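Fold and geometry: a report
Spelled out, the chains give:
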Amino acid sequence: MPRLLHLLAIPLLALTAFAAHAEYIPKAARVAAGVYAIVGPLGQRSADNDGLNANSGFVVTPTGVILIDSGASRIGAQKLEQAIRAVTAIPVRWVVNTGSQDHRWLGNDYFASRGAETIALARTAATQAQFATQHMTGLERFLGERLQGTKPLPATRVLAGESASIELGGEKLLLRYTDAHFPGDAMVFLPKTKVVFGGDLVFVDRILGVLPFSSVRKGQQAFKTMVALAPAHVVPGHGRVCDLAKAKRDSGDYYDFLANVVGAAAKEMEAMDAVLTRHADLPAFRHLENYADLHRANMNRAFTEFESQ
Ligand SMILES: [Zn+2]
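To keep things clear, this report deals only with the structure shown in the data block.

**Considering the pairing of strand E8 (residues 163-168)**
Burial of the side chains of E8 is restricted to one face: Ala164, Ile166 and Leu168 are buried, whereas none of Ser163, Ser165 and Glu167 on the reverse face is. Bridge analysis of E8 against strand E9 (residues 171-177) gives six bridges, and the strand direction is antiparallel. Its bridge partner lying in E9, Ile166 is registered against Leu173. Here E8 folds back onto E9, and the loop between the two strands holds two residues, one of which, Gly169, carries a positive phi near 55°.

**Some details on the coordination of the zinc ion**
A metal bound by six donors in octahedral fashion has ideal angles of 90 or 180 degrees, whereas one bound by four tetrahedral donors has an ideal angle of 109.5 degrees. Summarising the metal site, the zinc ion is bound by the protein donors Gln101 (OE1), His103 (NE2), Asp200 (OD) and His238 (NE2), whose distances to it range over 2.2 to 2.7 Å. Each of the four donor atoms bound to the zinc ion contributes to angles spanning 78 to 163°, and the resulting shape is irregular. Look at where the donors of the zinc ion fall in the sequence and you get Q-x1-H-x96-D-x37-H. Of this pair, Gln101 sits in the loop between strand E5 (92-96) and helix H3 (102-105) while His238 sits in strand E12 (residues 233-238), and the two are 137 residues apart along the sequence. Each member of the pair, Gln101 together with His238, is buried.

**Some thoughts on the sheet that holds strand E2 (residues 35-38)**
Strand order in the open sheet made by the seven strands is E1-E2-E3-E4-E5-E6-E7, with mixed pairing throughout. Since the sheet does not close on itself, it has two edges, and those belong to strand E1 (28-32) and strand E7 (157-159), each with one partner. Between one strand axis and the next, the sheet turns by 25° as a mean value, whatever way the strands run. Sheet analysis places strand E3 (residues 56-61) next to strand E4 (residues 64-68), joined by five bridges and oriented antiparallel. Residue pairing across strands places Phe58 opposite Leu67, the latter belonging to E4. Strand contacts of helix H5 (residues 122-143): strand E6 (117-121) and E7, with the helix running at about 105° to E6, the strand carrying the most contacts.

Calculation notes
- Residues numbered from 1 in each chain as written.
- Predicted model: local features only at pLDDT ≥ 70, side-chain atom pairs only at ≥ 80, totals over all residues.
- Heavy atoms only, no water.
- Buried < 20%, exposed > 50% of the residue type's maximum accessible area, 1.4 Å probe, protein only.
- Helix = DSSP H or I, 4+ residues; strand = E, 2+ residues; numbered from the N terminus.
- Pairing = 2+ DSSP bridges.
- Donors = N, O, S within 2.8 Å, 3.2 Å for Na, K, Ca; no water.
- Tetrahedral: all angles 85-135°; square planar, octahedral: opposite > 155°, others 65-115°.
- Axes fitted to C-alpha atoms, helices over the stretch in contact; angles between N-to-C directions.
- Contact = heavy atoms within 4.5 Å.

This is the structure we're talking about:
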């Protein structure tokens, strides 16, 4: 009997080990007619997920597929292409980037080599060029040799103005700056289906991160702009596709808290440490992943931003 148990234990252990190192295979999920989201895992970049720990999406038109955000590497981009292939044989004609963070655009070069045009607002493309080396160095640590073949290609068709409207195959896309997570970040709205791709303005299921160069003030403004569009579906930058109410609970309300409570205290010249300690435990947001790691640092950066205004 012990010997039988022993025999049974081996395949179980093997299965467990396999699950711990399961490769992430992106899958498209329908959001609205012709509109799909590819929702990535919530955790950190890894060789198993090829840096696809963020959301992408695409719009199928009769004249070509419009991909929104191209993944973090050449291999990641190939995986996204496979996910699109599972839905349609129509090739990717356009790649639109919502931001300059690695997983938004480092797959551009792959799709360009397949004949796609890469498109972004001007400041998004400029920030891509500015961060390219830093992001490649950072990714190397997480992806190792799976980063091989990846060449940073900032979007080549740059759109002027604070917002821009482009159209392919009868599908209109409105791009508008958010400047929240990275300078030059943008959101993409599809008026026909009322779907918004929020890019890194919107995090659900996990708490948003305020980086040293992020802007809580601009994030709060951009979120209000997004609300005014009255989207029927929100594809967040990270987390599951949701409605506006959930996006507001997980991101909009948090921007409001950071600006109206922490920012206001900074403007009143209160002591930062006392403010951070007072708001260390927020029941409205503590269910979000990464809350314990990021909440205090987020408040710290919000305080610093509003203090200097
Ligand atoms: Zn991101």
